[in-house]
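One letter stands for each residue in the lines below.
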Amino acid sequence: MNKIIIRIIASVAVLVIIIYLVFPNLFSSESENKLEDNTQTEDISKISIDAQIVKYETFKNDIVLTGSLLANESVDLASEISGKIDNIYFDEGEYVKEGKLLLNINVADLEANLQRLKYTAQLNAATEKRQKQLLEKEAISKEEYDIAFTNLKTTQAEMDALQAEIDKSRIRAPFSGFVGLRYVSEGSYITPSTQIASLYNVDPIKIEFSVPSKYSSLVKKGSKITFSSEAENKDRNATVYAIEPKIDPITRTLSVRAKAANPNNTLIPGQFIRINLILENRENAILIPATAIMPKANGHTVFTIKNGRAHLNDVELGIRTSNRVEILKGIEKGDTIAIAGVPQLKDRAEIEIKQLEE
């Protein structure tokens, strides 16, 4: 019986050896599969993330606003008196110099009255002179001389008033600029309410915009802005020259005006513009993507990467931009931080960096 068992065991052993020699891959594949399973399990335990190396940079704290262009000076031309237009001395769209005669109204009646007063003044002046000579000789009383003197001064005052009325009939350019469209013609009867045309000075040109009240302390006279109009695709520079001294209680904004050179008159009053207002520049600032920030009950955290593991760091935030956040405390230049896959991380979790930004 024992001999039979021994023979069976020997036969099985020989069979196993033959199978191993004939099919060696059968055993090796099982070992390899076990090894691969262990490796895959190990890989699955690591969390894949994207990371970034922290560095210093210049932080330009700016905001994008909208505004409109205003003429440096503008006025609606109108007459101070009523009357018929005799002559028009400008063309629509023409550039005129300050003081240029633009239009005059017929005031023939006033000029005739002025001429009459001039003759009267000459007579009164002669009378005053004679009365003065007689007074010196004590031939007349002081009262008689005073009457002659008063008549002369009254006539001169009437002449001055009449001349002022005549001067109002001549409309001149109050400043240099472009005349707009004309709304009257020669021979038209106009009154002080009649608009003749408009006059615009557009070099320099003004920019008007509103700043949210939370930034009001950062906007100062002399602050620089860049802007672009809807009509041209290029940035221009301007300087803030005036700030409204109060916040609008309805919009909670601060009204600001800036000026920009406009030598070619390509910027036109009324145009819509986009404004980039630089509030401050900060050197050696740390800015990281907003995706790297994780909120907590009493603050914010960032994961730094060291020796293949994630480490939780409390951070103090500064100013936010559209997609980045300034870090005031908590991380330093040269640290590696997780910027994608952050919600999956826990403190001291093993990680695998898929992409590293430097």
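For the structure, see preceding data.
Residues numbered from 1 in each chain as written. Predicted model: local features only at pLDDT ≥ 70, side-chain atom pairs only at ≥ 80, totals over all residues. Heavy atoms only, no water.

**Student:** So what exactly am I meant to see when it comes to the pattern of salt bridges here?
**Tutor:** It is possible for side chains bearing opposite charge to pair when their charged atoms get close. Under the definition given, this model contains eight salt bridges. Linking Arg-324 and Glu-57 is a salt bridge whose minimum nitrogen-to-oxygen distance equals 3.1 Å. Of this pair, Arg-324 sits in strand β19 (residues 324–329) while Glu-57 sits in strand β2 (residues 56–70), and the two are 267 residues apart along the sequence. On the accessibility criterion, Arg-324 (29% relative accessible area) is partly exposed. Classification of Glu-57 by relative accessible area gives partly exposed; the value is 21%. Two residues, Lys-142 and Asp-146, come together in a salt bridge whose shortest N-O distance is 2.9 Å. Of this pair, Lys-142 and Asp-146 both sit in helix α4 (residues 142–167), four residues apart, which is roughly one turn of the helix. Each of Glu-111, Asp-167 and Arg-170 takes part in one network of salt bridges that share partners. (Salt bridge = Lys/Arg side-chain N within 4 Å of Asp/Glu carboxyl O. Helix = DSSP H or I, 4+ residues; strand = E, 2+ residues; numbered from the N terminus. Buried < 20%, exposed > 50% of the residue type's maximum accessible area, 1.4 Å probe, protein only.)

**Student:** Mind showing me how you'd approach the sheet that holds strand β6 (residues 101–105) here?
**Tutor:** For sheets, the rule is that strands pair by backbone hydrogen bonds, running either parallel or antiparallel. If you trace the four strands from one edge of the open sheet to the other, you get β7-β6-β4-β9, paired in antiparallel fashion. Whereas interior strands pair on both sides, the edge strands pair on one side only; in this sheet they are β7 (170–172) and β9 (189–190). Both strand β4 (residues 83–88) and β6 contribute to a ladder of three bridges, which runs antiparallel. Bridge pairing links Ile-85 to Ile-105 in β6. (Pairing = 2+ DSSP bridges.)

**Student:** Can you help me understand the side chain of Asn-201 in this one?
**Tutor:** Tracing the backbone through its elements, the reader meets Asn-201 in strand β10 (residues 197–201). We classify Asn-201 as buried; its relative accessible area is 15%. From its side chain, Asn-201 meets the backbone nitrogen of Asp-203 in a polar contact 3.4 Å long. Setting aside residues up to four positions removed in sequence, Asn-201 forms contacts with Ala-71, Asn-72, Glu-73, Phe-175, Ser-176 and Gly-177. (Polar contact = N/O pair within 3.5 Å; in protein donor to acceptor, adjacent residues only side chain to side chain. Contact = heavy atoms within 4.5 Å.)

**Student:** What am I meant to see in the packing of aromatic side chains here?
**Tutor:** Two descriptors summarise a pair of aromatic rings, namely the distance from one centre to the other and the angle between the planes of the rings. A complete count under the given rule lists two aromatic pairs for this structure. Each ring, one from Tyr-95 and one from Phe-178, has its centre 5.1 Å from the other, and the planes form 65°; the classification is edge-to-face. Taken together, the residues Tyr-95 in strand β5 (residues 95–96) and Phe-178 in strand β8 (residues 177–179) connect sequence positions 83 residues apart. Residue Tyr-95 is classed as partly exposed on the basis of its relative accessible area of 42%. Given the relative accessible area of 28%, Phe-178 is considered partly exposed. The residue whose ring lies beneath Lys-259 is Tyr-241, and the NZ or CZ to ring-centre distance is 5.0 Å. (Phe/Tyr/Trp six-rings, centres within 6.5 Å; stacked < 30°, edge-to-face > 60°. Lys NZ or Arg CZ within 6 Å of the ring centre and 35° of its normal.)

Remember that the coordinates give geometry; whether it matters functionally is a separate question.
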